Structure formats: structure tokens, C-alpha cells
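This is what each chain is made of:
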Amino acid sequence: MKKFAAVMIKTILILVIIGAGGWYAFGENGPFNAQAKAFAKEQGIEEQIRWLIGSEALEEEKDMTEPIEEVQVEEPEPASEDFTTSIVFTGDIELSEYVQSTYDASGIDGVASGDIQTLLNDATFTMINNEFCFSERGEKAPDKQYTFRVNPYYVSILNDLGVDIAGLANNHVLDYGHDGLTDTFTTLAGAGIDYTGAGNSLEEASKLIVKTDAAGRTYGFLAASHVIPVGSWNVLNSQPGEFCFYDETDLLNAIAEADSQVDYLFVTVHWGVEHTTELEDYQINDGHNMIDAGADAVIGMHSHCLQPVEYYNGKPIFYSLGNFIFNQTIKTGGGGAVEFSIDENNNATYRIIPITASNACTDIDTSGYSYVESISENVAVDENGAIGEK
């Protein structure tokens with residue numbers, strides 16, 4: 001009996017050793033598992049020895065044999081804010097030595113506050129008045145008290161501020177002649193900034209800039225000047241030159257033509273008299289004519305201070321936005337910007353943003369809202385700068 005028991009124990013031990021070896025060799029993580037799976041599949045005994053070779057093979061086979069159900073993924077509709085567009089127009093920008101110095105020292109934070117940077121960079125489109133030439137060439141205009149020329153390196157300031165369009169119709173872009181203006185064209189184009197208001201022909205100078213938003217709405221931008229120091233700056237007299245409207249016929253024709261091409265048309269103009277809120281008669285007359293011709297808003301510059309806002313036939317005329325980035329200091333009432341917003345239901349609003357500047361750094365001046373209303377006859381301005389017709 002003892003001999004029989006000993007034989008049985010030996011037999012069991014041998015079977016255990018063989019089983020352990022088989023488990024090691026053919027088990028799920030064993031070196032011969034793949035061969036074992038193939039053999040089991042060939043013999044049709046996968047289910048019987050699933051405990052040994054593992055279930056992964058069966059699951060893979062099941063996945064391969066079962067039809068794949070096609071899942072239809074519906075793309076979410078864009079949120080309503082995706083169809084809200086904002087366009088910002090600034091007053092005069094002149095990258096003076098003060099501005100360049102603070103930019104060299106502190107980058108864009110030295111030139112514009114966080115609120116100003118957010119305003120411009122978050123806008124769908126931003127348009128400025130480029131009150132200087134980008135160049136290191138050219139001869140200084142004779143008999144001019146102030147002439148403005150900026151190294152093209154500093155176009156990075158405009159890029160940092162998210163500028164999309166530059167208006168060139170003003171009384172300084174030709175301060176250094178045709179060379180300076182030509183270099184300005186090249187610099188802006190190289191920086192990816194569209195420009196209008198000056199060119200090598202009347203057609204180029206009166207070029208309509210068209211932008212399209214996420215909702216497919218189109219916006220047109222024109223620029224023209226009623227302030228040049230000499231007649232040769234007019235593109236009709238010398239090229240390259242500026243689009244001028246001492247005779248408003250060409251401008252009104254350009255507005256009427258553009259009106260049929262875009263949903264919303266904005267006309268920026270350099271006009272009026274410096275350092276006064278009093279308007280010239282021609283500003284009122286020409287502003288009304290521009291609206292009648294098809295402009296949805298007229299935005300003026302040049303005065304170096306804010307001028308009145310008027311609603312005419314339900315559309316706004318901002319007679320001057322004054323300065324925006326200029327010298328070391330801009331006092332209350334010295335300048336600002338306008339923000340046009342339109343929502344997904346095509347409800348349009350305008351907001352005036354007064355500014356001040358200290359140490360050549362521009363910031364929002366919330367105390368300026370009441371000032372704008374005080375100098376305007378038929379416009380109300382709320383605590384956020386939103387304007388409405390009285």
C-alpha cells in the first residue's frame with residue numbers, strides 16, 4: 001500500500017511539473033502562446049482550453065467577425081458667440097521716439113495696457129490711422145514743423161496689437177516723400193497688414209478692403225484725406241499719393257460702388273482743424289453726404305482730440321477720435337477708439353472708448369464717457385461707452 005501511495009505521489013508531482021511547464025510555455029504570456037492559439041483555432045478547441053491560452057484571442061476573433069456598427073457623430077452647432085463680430089477703429093497712431101523707447105524697454109506692455117491689448121487683439125478686425133511712414137529713406141518734407149518717420153522694425157508693435165488694416169490717408173504719410181511711402185507699402189504688406197488710402201494710382205489709393213466674418217457677413221473699409229500740406233500729395237497729381245476729397249466726387253463714387261459689394265461699409269477720413277471740438281461746416285456736409293452715399297459709419301481723425309459724435313439718418317458719424325498712441329502723454333478728451341459689434345441676429349451696436357496715456361502707454365479712460373456725451377448734441381453714452389441716439 002505504501003508503495004502504491006509513493007507511486008501515486010510521484011505521478012502527481014510529474015503531472016504538476018508537466019502542467020506547470022505547459023502553463024509557462026503555452027499560457028497567455030508564455031513564449032509559445034501564439035503557436036498554441038493557432039493550434040487551438042485549427043483544431044476547433046479554443047473554448048476547451050481557453051483557461052490555458054487566455055481569452056484575448058477569442059475576443060479579437062469576435063471583434064473581427066462581428067460587424068462594425070457605424071456611429072453617426074453630429075457636429076455641434078457653433079455657439080452664438082462664434083457669430084458675434086467686433087471691429088475696432090483707433091485714432092491717430094504715431095510711433096514716436098517715446099513709444100519706441102518704452103517698447104524697447106518693456107515690449108508691448110510698455111505701449112498699451114492690458115485692457116487696450118485685449119480690446120484690439122480680441123476684435124475680429126482692427127483698423128488704425130497710420131500717422132507716419134515706415135522707412136529709413138527719403139528726404140524730409142520742407143517747411144513742415146513736424147515730420148514722422150519710423151524704422152520698419154517697429155511694425156512689430158502693430159502686429160502685437162493685432163492690427164489688420166492701416167489707413168494711410170493723412171497729413172504725415174508722405175513726410176519723407178515717395179520713397180518713404182513706398183517703403184510703408186512694403187513694410188505693411190510684409191507684416192500682413194492691409195492698407196488703403198494711398199497707392200500708386202487713384203484705383204489703388206481708393207482700394208476697398210473687404211473682410212468676411214464667421215457668419216459670412218462682409219465689411220468694407222475706405223480711407224481718404226481732406227488734410228494734406230501740398231497738392232502734390234494727392235494721388236491725382238503725383239504718384240504714389242493719397243486718396244483725397246477736397247472735391248468729394250471720387251470719394252462719394254467709391255462709397256456708392258462699395259456699398260453694393262459689402263454688407264457694412266466704414267469710411268475713415270482725415271479732416272477738420274486740430275485741437276478743437278468745433279466742427280468745420282464741410283465736415284458736417286461731407287459726413288452727411290457719405291452716409292447718404294452708402295456708408296454705415298464715418299470715423300474721423302486728425303484733430304488730436306475727441307470731437308462730437310452725431311447720428312444722421314440712424315447712422316453714426318464720429319467726427320474725430322483724436323490720438324490713440326502718440327507722445328508721452330494724452331490727456332482726458334485727447335483721443336479714443338470705436339468698437340462696432342454685431343451679434344448672430346445682426347443687431348449692431350457702437351461703443352466709444354476714450355483713452356489717456358502716461359509715459360507713452362495708452363489705457364482706457366472710463367471718466368471720458370460723460371465727456372463725449374457733453375460735446376455731442378444727439379448722442380447718449382452709457383457707463384460702458386455704448387452710444388445711442390437721443
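Source: prediction; values computed, not measured. (Residues numbered from 1 in each chain as written. Predicted model: local features only at pLDDT ≥ 70, side-chain atom pairs only at ≥ 80, totals over all residues. Heavy atoms only, no water.)

Some remarks on the layout of surface pockets
Rolled over the atoms, a probe as big as a water molecule pinpoints where empty space is left.
No. 1: The space that makes up the largest pocket amounts to roughly 580 Å³.
No. 2: In terms of lining residues, the largest pocket is bounded by 23 residues, among which Tyr146, Thr147, Phe148, Phe326 and Asn327 are the most central.
No. 3: Taken together, the elements giving at least two residues each to the lining of the largest pocket come down to helix 5 (97-106) and strand 4 (149-150).
No. 4: Taken together, the residues of the lining of the largest pocket break down into seven nonpolar, 11 polar and five charged. (1 Å grid on protein atoms, 1.4 Å probe; cavity = no way out; pocket = protein on both sides within 12 Å on 5 of 7 lines; lining within 4 Å. Points joined across faces, edges and corners; volume = space filled by probe spheres on them. Helix = DSSP H or I, 4+ residues; strand = E, 2+ residues; numbered from the N terminus. Nonpolar A, V, L, I, M, F, W, Y, C, P; charged D, E, K, R; others polar.)

Here's the deal with the packing of helix 10 (residues 249-259) against helix 11 (residues 281-293)
No. 1: Interaxial distance between helix 10 and helix 11 falls to 8 Å at its minimum, and their mutual angle equals 30°. Looking at the two axes, helix 10 sits roughly parallel to helix 11. When you trace helix 10 past helix 11, the crossing you get is right-handed. Contacts from Leu251, Leu252, Ile255, Ala256 and Asp259 of helix 10 reach helix 11 at Asn289, Met290 and Ala293.
No. 2: A per-class count over the contact of helix 10 with helix 11 returns six nonpolar, one polar and one charged. (Axes fitted to C-alpha atoms, helices over the stretch in contact; angles between N-to-C directions. Parallel < 35°, antiparallel > 145°, perpendicular 65-115°, else oblique. Left-handed = near helix turned anticlockwise from the far one by under 90°. Contact = heavy atoms within 4.5 Å.)

Let's talk about the side chain of His302
No. 1: Inspection of the secondary structure assignment puts His302 in the loop between strand 12 (297-301) and strand 13 (309-312).
No. 2: Under the relative-accessibility criterion, His302 is labelled buried at 4%.
No. 3: One polar contact links His302 to His270, side chain to side chain, over a distance of 3.3 Å.
No. 4: When near neighbours in sequence (up to four residues on either side) are disregarded, His302 contacts Asp92, Asn171, Val227, His270, Trp271, Gly272, Glu274 and Ser320. (Buried < 20%, exposed > 50% of the residue type's maximum accessible area, 1.4 Å probe, protein only. Polar contact = N/O pair within 3.5 Å; in protein donor to acceptor, adjacent residues only side chain to side chain.)

Points about the nonpolar core
No. 1: Core analysis: the biggest nonpolar cluster contains 46 residues, and Leu95, Ile157 and Leu188 have the highest contact counts within it.
No. 2: Elements with a contribution of two residues or more to this core: strand 1 (85-93), helix 5, helix 6 (114-122), helix 7 (155-160), helix 8 (177-190), strand 15 (323-325) and strand 17 (348-358).
No. 3: Dropping the residues within four chain positions of it, Leu95 is found in contact with Gln100, Phe132, Phe134, Val150, Tyr154, Ile157 and Ile325.
No. 4: Judged by nonpolar contacts, the second largest core, of 30 residues, contains Tyr311, Phe318, Phe340 and Val381. (Core = buried A, V, L, I, M, F, W, Y, C linked by side-chain atoms within 4.5 Å.)

Some points on the sheet that holds strand 13
No. 1: What the six strands build is an open sheet, ordered 8-9-11-12-14-13; its pairing is mixed. With partners counted over all chains shown, the strands left at the sheet margins are strand 8 (209-212) and strand 13, one partner each. In this sheet, adjacent strand axes meet at a mean angle of 20° when their direction is disregarded.
No. 2: As judged from the seven bridges shared by strand 9 (residues 218-225) and strand 11 (residues 264-270), these two strands associate in the parallel manner. Looking across to strand 11, one finds that Ala224 is bridged to Val269.
No. 3: Across the face of the sheet, helix 10 comes into contact with strand 9 and strand 11 while running at roughly 160° to strand 11.
No. 4: Strand contacts of helix 11: strand 11, strand 12, strand 13 and strand 14 (315-318), with the helix running at about 145° to strand 14, the strand carrying the most contacts. (Pairing = 2+ DSSP bridges.)

A short note on the packing of aromatic side chains
No. 1: In the structure shown here, the tally under the stated rule is 18 aromatic pairs.
No. 2: Between Tyr153 and Tyr154, the aromatic rings sit 4.9 Å apart at their centres with planes inclined by 80°, giving edge-to-face as the arrangement.
No. 3: Taking the relative accessible area as the measure of exposure, Tyr153 reaches 52% and is therefore exposed.
No. 4: The interplanar angle of 20° and the centroid separation of 5.6 Å between the aromatic rings of Tyr219 and Tyr264 together place this pair among those described as stacked. Of this pair, Tyr219 sits in strand 9 while Tyr264 sits in strand 11, and the two are 45 residues apart along the sequence.
No. 5: Using a relative accessible area of 0% as the deciding quantity, one classes Tyr219 as buried.
No. 6: The rings of Phe89, Phe125, Tyr219, Phe221, Tyr264, Phe266, Phe318, Phe340 and Tyr350 are connected pair by pair, giving a single aromatic cluster.
No. 7: Here the guanidinium or amino end of Arg149 rests over the ring plane of Tyr176, the centre of that ring lying 4.1 Å away.
No. 8: A cation over a ring is seen here: Lys207 above Tyr195, with NZ or CZ 4.6 Å from the ring centre. (Phe/Tyr/Trp six-rings, centres within 6.5 Å; stacked < 30°, edge-to-face > 60°. Lys NZ or Arg CZ within 6 Å of the ring centre and 35° of its normal.)

Considerations on the pairing of strand 18 (residues 361-364)
No. 1: Judged from the four bridges that link them, strand 17 and strand 18 form a sheet pairing that is antiparallel. In the strand pairing of strand 18, Ala357 is matched with Thr362.
No. 2: In this structure, the hairpin formed by strand 17 and strand 18 is closed by a connection of two residues, where Asn359 is found at a positive phi of approximately 55°.

Focus on the confidence of the model for the chain
One rule of thumb: low pLDDT means the predicted coordinates there are not for detailed reading.
No. 1: On average, residues of the chain score 88 in pLDDT, and 79% of them reach the 70 mark or higher.
No. 2: Counted against residues more than four places away or in other chains, residues 1-7, with its pLDDT under 50, gives zero contacts.
No. 3: Counting interchain partners and residues more than four positions distant, the pLDDT-below-50 stretch residues 57-66 has six contacts. (pLDDT = per-residue confidence, 0-100.)

Comments concerning empty space enclosed by the protein
No. 1: Tallied over the entire structure, the rule returns one cavity of 30 Å³ or more.
No. 2: A volume near 50 Å³ is recorded for the largest cavity.
No. 3: Taken together, Met127, Ile128, Asn129, Gly167, Leu168, Ala169, Ala223, Ala224, Thr268, Val269, His270 and Met301 make up the lining of the largest cavity.
No. 4: When residues of the lining of the largest cavity are traced back to their parent elements, those giving at least two are strand 2 (125-130), strand 9 and strand 11.
No. 5: Along the lines of polarity and charge, the residues of the lining of the largest cavity split into eight nonpolar, four polar and no charged.

Considerations on the environment of Val163
No. 1: Relative to the elements of secondary structure, Val163 occurs in the loop between helix 7 and strand 5 (165-167).
No. 2: Judged by relative accessible area, Val163 falls into the buried class, the value being 6%.
No. 3: Placed 35 residues apart in sequence, Val163 and Ile128 show a C-alpha to C-alpha distance of 7.1 Å.
No. 4: The contacts of Val163, once residues within four sequence positions are left out, are Thr126, Ile128, Leu158 and Ile193.

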